[in-house]
Amino acid sequence: MRLVALAPGKVNLCLYVGAPRGDGYHPLVSVFQAVTLADELTLTPSQGDADEVVCAGVEGPNLAGAALDAYRQASGWDGPPVRLTIVKRVPIAAGMGGGSGDAAAALRLAAHAAGRPGDPLIDELAPRLGADVPSQIRPGRALVTGIGEQVTDLAPGPPEAFVIVPSPAALSTPAVYREADRLRSVRADLTAARAEVEAALAAGAGLPAVNDLQPAALSLCPSIEQALRDVAAAGATSALVSGSGPTVFGTFDDPERAVATAAALPGAVALRPATAADAAVRELA
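Note that the structure is a prediction, hence the values are computed from the model and not measured.

Chemist: So what about the packing of helix H1 (residues 63–75) against helix H2 (residues 98–113)? Which residues, and what values?
Modeler: Closest axis-to-axis distance for the H1/H2 pair is 8 Å, and the angle between their directions is 30°. Here the hand of the crossing between H1 and H2 comes out right-handed. Residues Leu63, Ala64, Ala67, Leu68 and Tyr71 of H1 pack against Gly99, Ser100, Asp102, Ala103, Ala106, Leu107, Ala110 and Ala111 of H2. Among the residues making up the contact of H1 with H2, the classes are represented as ten nonpolar, two polar and one charged.

Below, the structure written as structure tokens:
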């Protein structure tokens, strides 16, 4: 058995963040868009007597390993031990949901290995693993609310391309949220924000270029400002920090302009939107 699945990264086309709830979590209203920059996960038989996760260059506990464990325990799957190998391409601690995407892909792979492709159980397990994991179970375009666990799949958006500008820095998501609270850049109520986003989606109009975590990311990593200026100057229809940052992305109506822009910016890449089909589990000989 050799199963392979991609775990696409994501950008937040818009991100509104509410004040922390009583449990400390921040509610949000966001539109997530999966992109074609993706980690690759391969599931093969283990050489030992326990499941193992191998991810070169990443130390410590891995969310994908936790996902594998959670599926075994919840489903009762008692198949032979497996080895999960992860090739990282999505930047780590960059606001692109790399770890969450890996966890979602691990759930898809485990269900397939258990002989239950598309097992509804993985949707139940995803929120327990992390706030961004539910939106990555079926990567694509989605309206995400609650603290990330409420996901409404959306039809593909307009033809567009994204220029991703990574940063040598890394930002801790909890640290960015704490800074957003300190700066008071979060919102007391998200009702109006949700109505604005839903109206834009219904009309097929452009989404508001808003990221309520951007001021906090800029405060902690001022070098982001130059990347935002560079992308905007290249003619992007919007230039934003993705999630908690520090990755910056620009949205382009013209894919050729996106490719030219990425070639002119050090380390930048041009990407297209990804769909659930791009992340489907494949069985290889």
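Chemist: Before we move on, can you summarise the packing of aromatic side chains with the specific residues and values?
Modeler: Overall, the coordinates contain two aromatic pairs when judged by the stated rule. The lysine or arginine in question, lysine 10, covers the ring of phenylalanine 32, its NZ or CZ lying 4.9 Å from the ring centre. In this structure, arginine 72 packs its charged tip against the face of tryptophan 77, placed 4.0 Å from the ring centre.

Chemist: Before we move on, could you go through the pattern of salt bridges and cite the residues and values that matter?
Modeler: Tallied over the full model, the rule gives 13 salt bridges. Note that arginine 194 is salt-bridged to glutamate 198, the shortest N-O span being 2.8 Å. A residue pair is termed a helical-turn pair when its members lie 3 or 4 positions apart in one helix, as arginine 194 and glutamate 198 do in helix H6 (residues 191–203) at four residues. Overall, the relative accessible area of 35% leaves glutamate 198 in the partly exposed class. Put simply, Asp39, Lys88 and Asp102 are held in one network by salt bridges that share partners.

Chemist: Let's hear about the pairing of strand E8 (residues 238–241): which residues, and what values?
Modeler: Of the pairings in the sheet, the one linking E8 to strand E9 (residues 248–252) comprises four bridges and is antiparallel in character. Directly across from valine 241, in E9, lies its bridge partner valine 248. Connecting the antiparallel pair E8 and E9 is a turn made up of six residues, with glycine 243 showing a positive phi of about 55°.

Chemist: Summarise the sheet that holds strand E10 (residues 269–271); cite the residues concerned and give the values.
Modeler: Spatially, four strands are ordered E8-E9-E7-E10 in an open sheet, and the strand pairing comes out antiparallel. With partners counted over all chains shown, the strands left at the sheet margins are E8 and E10, one partner each. Neighbour-to-neighbour, the strand axes of the sheet open up by a mean angle of 25°, direction not taken into account. Note that strand E7 (residues 161–165) and E9 share five bridges and pair antiparallel. Paired with isoleucine 164 across the strands is phenylalanine 249, a residue of E9.

Chemist: Go over the side chain of serine 244, please, and point to the residues and values.
Modeler: In this fold, serine 244 is placed in the loop between E8 and E9. Classification of serine 244 by relative accessible area gives buried; the value is 6%. Only 3.1 Å separates the side chain of serine 244 from the side chain of threonine 173, close enough to count as a polar contact.

Thresholds, definitions, all that
Numbering of residues starts from 1 in every chain and runs along the sequence as written. Side-chain atom pairs in this predicted model are given and counted only at pLDDT of 80 or more, local residue features only at pLDDT of at least 70, and totals for whole chains, interfaces and linings cover all residues. In computing side-chain properties, one takes all heavy atoms of the structure into account and sets aside hydrogens as well as water. Here an angle of 0 to 180 degrees is reported between the N-to-C directions of two axes, which are lines fitted to C-alpha atoms, with helices fitted over the stretch in contact. Secondary structure elements are defined from DSSP: runs of H or I of at least 4 residues count as helices, runs of E of at least 2 residues count as strands, and each element is numbered from the N terminus. Left-handed is the label given to a crossing in which the near helix is rotated counterclockwise from the far helix by less than a right angle, and right-handed is the label when the rotation is clockwise. Whether two residues are in contact is decided by their heavy atoms: any pair within 4.5 Å suffices. Residue polarity follows a fixed list, in which Ala, Val, Leu, Ile, Met, Phe, Trp, Tyr, Cys and Pro are nonpolar, Asp, Glu, Lys and Arg are charged, and the others, Gly among them, are polar. Aromatic contacts are taken between Phe, Tyr and Trp rings whose centres are within 6.5 Å, Trp giving its six-membered ring; a plane angle under 30 degrees counts as stacked, one over 60 as edge-to-face, and the others as tilted. Whether a charge lies above a ring is judged from NZ of Lys or CZ of Arg, which has to be within 6 Å of the ring centre and within 35 degrees of the ring normal. By definition here, a salt bridge exists when the distance from a side-chain nitrogen of Lys or Arg to a carboxyl oxygen of Asp or Glu is within 4 Å. Residue burial is assigned from relative accessible area. The probe radius is 1.4 Å, only protein chains are included, and a residue is buried under 20% of its type maximum, exposed over 50%, and partly exposed in between. Here, strands pair whenever DSSP counts at least two bridges between them. Polar contacts, as used here, are pairs of N or O atoms within 3.5 Å; protein pairs need one atom able to donate a hydrogen and one able to accept it. Residues neighboring in sequence count only if both atoms are side-chain atoms.

Remember that the coordinates give geometry; whether it matters functionally is a separate question.
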